[in-house]
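Below, each chain spelled out in residue letters.
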Amino acid sequence: MSSNITDRYVSFCNINCDENADRLISMLEQHLNAKRGGDLWLTYFHDKRAEQAKMQRDNLNFIGNQTNPLYEYFEVCEDTQALELLYKIEQECC
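Quick caveat, the model's predicted, so the values are computed rather than measured.

Things to note about helix 5 (residues 80-93)
Next up, step 1: Over its 14 residues, helix 5 extends 19 Å from the first C-alpha to the last, a length consistent with the 20 Å expected when each residue adds 1.5 Å.
Next up, step 2: For helix 5, the full list of buried residues reads Ala82, Leu83, Leu85, Leu86, Ile89, Glu92 and Cys93.
Next up, step 3: The inward-facing, buried residues of helix 5 contact helix 1 (17-33), helix 3 (59-65) and helix 4 (67-76).
Next up, step 4: Of the residues that open helix 5, the one with a side-chain oxygen 3.2 Å from the backbone nitrogen of Gln81 is Asp79.

Below, the structure is given as structure tokens:
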């Protein structure tokens, strides 16, 4: 087995879950601040991010709980880079 291959079931070593989650949330915030995706999405994620803060949940927890809506939103925004990062996080960290 190559040293570059990661297996989330064995260990989270060498996987930048928190860093990648923070990057994805930054991408999300950029889209929301630019008001992309329409009012329903803006309201939805505004409410979910407020709930996240209230519950004191980290970004990785947020992504794990919002994976499907995040996929849909980034598809609406046509952000392939965010979709790829979301897939990576889902596969390695969730």
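What about the state of the cysteines?
Next up, step 1: Under the counting rule described, the total for this entry stands at 1 disulfide.
Next up, step 2: With its sulfur 2.1 Å from that of its partner, Cys17 forms a disulfide with Cys93. On the sign convention where negative means left-handed, the S-S torsion of about -90° between Cys17 and Cys93 marks this disulfide as left-handed. With a gap of 76 residues between them, Cys17 in helix 1 and Cys93 in helix 5 connect regions that are remote in the sequence. Pair check on accessibility: Cys17 and Cys93 agree, each one buried.
Next up, step 3: Of all cysteine sulfurs in the structure, the one in Cys93 sits closest to Cys94, which takes part in no disulfide; the separation is 6.4 Å.

What to know about the packing of helix 1 against helix 4
Next up, step 1: Packing of helix 1 against helix 4 brings their axes to within 11 Å, and their N-to-C directions diverge by 50°. As summarised for this structure, helix 1 and helix 4 are arranged oblique, according to the angle between their axes. Of the two possible hands of crossing, helix 1 and helix 4 adopt the one that is left-handed. For the pair helix 1 and helix 4, the contacting residues are Leu24, Met27, Leu28, His31 and Leu32 in the first and Leu70, Tyr73 and Phe74 in the second.
Next up, step 2: Residue composition of the contact of helix 1 with helix 4, by class: 7 nonpolar, 1 polar and no charged.

Cut-offs and rules
Position numbers for residues count from 1 along each chain, tracking the sequence in the order it is written. Under the rules for a predicted model, residues below a pLDDT of 70 receive no local features and side-chain atom pairs below 80 are neither given nor counted, while totals for whole chains, interfaces and linings still include all residues. Heavy atoms throughout the structure, all of them, feed into the side-chain values; hydrogens and water do not. Going along the chain from the N terminus, every DSSP run of H or I of four or more residues is numbered as a helix, and every run of E of two or more is numbered as a strand. The span one expects for a helix is its residue count, reduced by one, times 1.5 Å. Partly exposed describes any residue whose relative accessible area lies between the buried limit of under 20% and the exposed limit of over 50%, with all areas from a 1.4 Å probe on protein chains only and scaled to the type maximum. Residues are treated as being in contact if the distance between any of their heavy atoms lies within 4.5 Å. Pairs of N or O atoms within 3.5 Å make up the polar contacts considered here, provided that, within protein, one atom can donate a hydrogen while the other can accept it, and that residues adjacent in sequence are counted only when both atoms are side-chain atoms. Cysteine sulfur atoms are paired as a disulfide whenever they fall within 2.5 Å. Angles shown run from 0 to 180 degrees and are taken between the N-to-C directions of axes, each axis being a line fitted to C-alpha atoms and, for helices, limited to the stretch in contact. Each angle is binned into one of four classes, with values under 35 degrees roughly parallel, values over 145 roughly antiparallel, values of 65 to 115 roughly perpendicular, and all other values oblique. We call a crossing left-handed when the near helix sits turned anticlockwise from the far one by less than a right angle, and right-handed when that turn is clockwise. Classes in brief: Ala, Val, Leu, Ile, Met, Phe, Trp, Tyr, Cys and Pro nonpolar; Asp, Glu, Lys and Arg charged; the others, Gly included, polar.

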